[in-house]
Amino acid sequence: MDRAAVFDVDGTLVDTNHLHVTTWWEAFRQAGHRVPMHAIHRSVGLGSTDLIAHLLGDDRDEEQDAALSDAHSTLYAQYFDRLPALEDAGRLLRHLHKAGWTVVLATSASGAELGALRRAIDADEAITATASADDVEAGKPAPEPVQHALELAGVPAERAVFVGDTVWDMRAGSRAGVRCVGVLCGGIPRADLEQAGAQAVYDDPAHLLASLADSPLA
């Protein structure tokens, strides 16, 4: 029977979390909001609207949301031609593909941003499908992104593993009923990932690749 390896992208396969922190911080600053970088970091992985709501609260002027999101996208786009893949990210996906796993990306990125991330990973031949922000109504930590990835793979939850770097990833995967693997390269502590549902935690894609034989992806 087929099995699916579902991967978050930002902070999991590509070293972009701190770029998002900086560009969100600047977008908020330009709009007159003082938001600490550490708070933004803990919110990376949420979709734009959810991230803004999480940081500014429900009593904010929601009419500013689109402008804030657009400002972040414009600032972040300046890095598209040099987004750095994490060590062995592409090799990990290619190895799993050759081992018979259906590899699917589940990310809040879409459009040109998703294209830039895929170019950074440089393993398109190993990626069967991508569940992007445009495909679901609710983003992580809701289970819909992972569930959609499973639909694209044609694999039930019990035959899937989800790899991510944030508590939002672990909660989404857990709610979708899949085994969750955390990576520390996004900057979130091991204890937080485990508390949110990670069954195993590795340093980064290179560490996971080196440890596959003893991992949930064995």
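Just above sits the structure.
Now for a quick tour of the structure. Keep in mind that what you see is a predicted model, and the values were worked out from it rather than measured.

## So, the packing of aromatic side chains
Here's step 1: All chains considered together, the criterion is met by 2 aromatic pairs.
Here's step 2: With centroids separated by 5.7 Å and ring planes inclined at 80°, the aromatic side chains of Y76 and F80 adopt a geometry described as edge-to-face. For the residue pair Y76 and F80, the accessibility class agrees, reading buried in each case.

## Side note on the environment of T102
Here's step 1: Note on placement: T102 falls in strand 2 (residues 101–106).
Here's step 2: A residue is classified by how much of its surface remains accessible, and T102, at 13% relative accessible area, is buried.
Here's step 3: Residues T102 and G154 lie 52 residues apart in sequence; the distance between their C-alpha atoms is 9.1 Å.
Here's step 4: Contacts of T102, omitting those with residues within four sequence positions, involve R3, A4, A5, T128 and A153.

## A short note on the pattern of salt bridges
Here's step 1: As enumerated under the stated definition, the model contains 9 salt bridges in all.
Here's step 2: The salt bridge involving R94 is made with E125; its shortest N-O contact spans 3.9 Å. Note that R94 is positioned in helix 5 (residues 89–98) and E125 in the loop between helix 6 (111–121) and strand 3 (127–131), a separation of 31 residues in sequence.
Here's step 3: Because the salt bridges share partners, they merge into one network encompassing D8, K140 and D169.

## Observations concerning the sheet that holds strand 2
Here's step 1: With parallel pairing, 6 strands are arranged side by side in an open sheet as 3-2-1-4-5-6. Of all the strands in the sheet, the pair left with one neighbour each is strand 3 and strand 6 (200–202). Strand-to-strand twist in this sheet, taken as the mean axis angle between neighbours without regard to direction, amounts to 25°.
Here's step 2: Against the sheet, helix 7 (residues 144–153) touches strand 1 (3–7), strand 2, strand 3 and strand 4 (160–164), its axis set at about 145° to strand 3.

## Remarks on a negative patch on the surface
Here's step 1: A cluster of acidic residues, D58, D59, D61, E62 and E63, forms a negative patch on the protein surface.
Here's step 2: Looking at the element boundaries, E63 is found in the loop between helix 3 (48–56) and helix 4 (65–77).

## Quick word on the environment of L152
Here's step 1: Note on placement: L152 falls in helix 7.
Here's step 2: Not counting chain neighbours up to four residues away, the residues in contact with L152 comprise A129, T130 and A131.

## Section: the nonpolar core
Here's step 1: Judged by nonpolar contacts, the single largest core of 41 residues is most densely connected at V6, W24, F28, I40 and V178.
Here's step 2: When residues no more than four places from it in sequence are discounted, the contact partners of V6 are V104, A106, A149, L150, V161, F162 and V163.

## Brief notes about helix 1 (residues 17–30)
A turn of α-helix holds 3.6 residues, and therefore any two residues three or four places apart point the same way.
Here's step 1: Helix length check: helix 1 (14 residues) gives 20 Å between terminal C-alpha atoms against 20 Å at 1.5 Å per residue, within 8%.
Here's step 2: All of the buried residues along helix 1 are N17, H20, V21, T23, W24, E26, A27 and F28.
Here's step 3: Positioned one or two residues after helix 1, G32 has a phi angle of 90°, which is positive.

## Some words on helix 6
Here's step 1: Within helix 6, the full set of buried residues consists of E113, L114, A116, L117, A120 and I121. Taken down its axis, helix 6 places every buried residue within 160° of arc, on the same side. Looking at helix 6, the residues exposed on the side facing more than 90 degrees away from the buried face are G111, A112 and R119.
Here's step 2: Count one or two residues on from helix 6 and you reach D122, which has phi positive near 60°.

## Some remarks on the environment of L114
Here's step 1: Residue position: L114 is located in helix 6.
Here's step 2: In sequence terms L114 and V183 are 69 residues apart; their C-alpha atoms lie 20 Å from each other.
Here's step 3: If we ignore the near neighbours within four places in the chain, the residues touching L114 are T107, A109, T130 and S132.

## Description of the packing of helix 3 against helix 4
Here's step 1: The geometry of helix 3 relative to helix 4 is characterised by a closest axis approach of 10 Å and an angle of 110° between their N-to-C directions. One element, helix 3, and the other, helix 4, form an angle in the roughly perpendicular class. By crossing handedness, the relation of helix 3 to helix 4 is classed as right-handed. On the side of helix 3, the interface is formed by S48, T49, I52 and L56, while helix 4 contributes D65, L68 and S69.
Here's step 2: Looking at side-chain class alone, the contact of helix 3 with helix 4 contains 3 nonpolar, 3 polar and 1 charged residues.

Criteria and cut-off values
- Residues numbered from 1 in each chain as written.
- Predicted model: local features only at pLDDT ≥ 70, side-chain atom pairs only at ≥ 80, totals over all residues.
- Heavy atoms only, no water.
- Phe/Tyr/Trp six-rings, centres within 6.5 Å; stacked < 30°, edge-to-face > 60°.
- Buried < 20%, exposed > 50% of the residue type's maximum accessible area, 1.4 Å probe, protein only.
- Helix = DSSP H or I, 4+ residues; strand = E, 2+ residues; numbered from the N terminus.
- Contact = heavy atoms within 4.5 Å.
- Salt bridge = Lys/Arg side-chain N within 4 Å of Asp/Glu carboxyl O.
- Pairing = 2+ DSSP bridges.
- Axes fitted to C-alpha atoms, helices over the stretch in contact; angles between N-to-C directions.
- Patch = residues over 30% accessible without salt bridge, like charges linked within 9 Å, V, L, I, M, F, W, Y side chains within 5 Å.
- Areas by Shrake-Rupley, 256 points an atom, 1.4 Å probe, with all protein chains shown as cover.
- Lys, Arg positive; Asp, Glu negative; His and termini not counted.
- Charge placed at Lys NZ, Arg CZ, Asp CG, Glu CD.
- Core = buried A, V, L, I, M, F, W, Y, C linked by side-chain atoms within 4.5 Å.
- Expected span 1.5 Å × (residues − 1).
- Arc of directions from axis to C-beta.
- Parallel < 35°, antiparallel > 145°, perpendicular 65-115°, else oblique.
- Left-handed = near helix turned anticlockwise from the far one by under 90°.
- Nonpolar A, V, L, I, M, F, W, Y, C, P; charged D, E, K, R; others polar.

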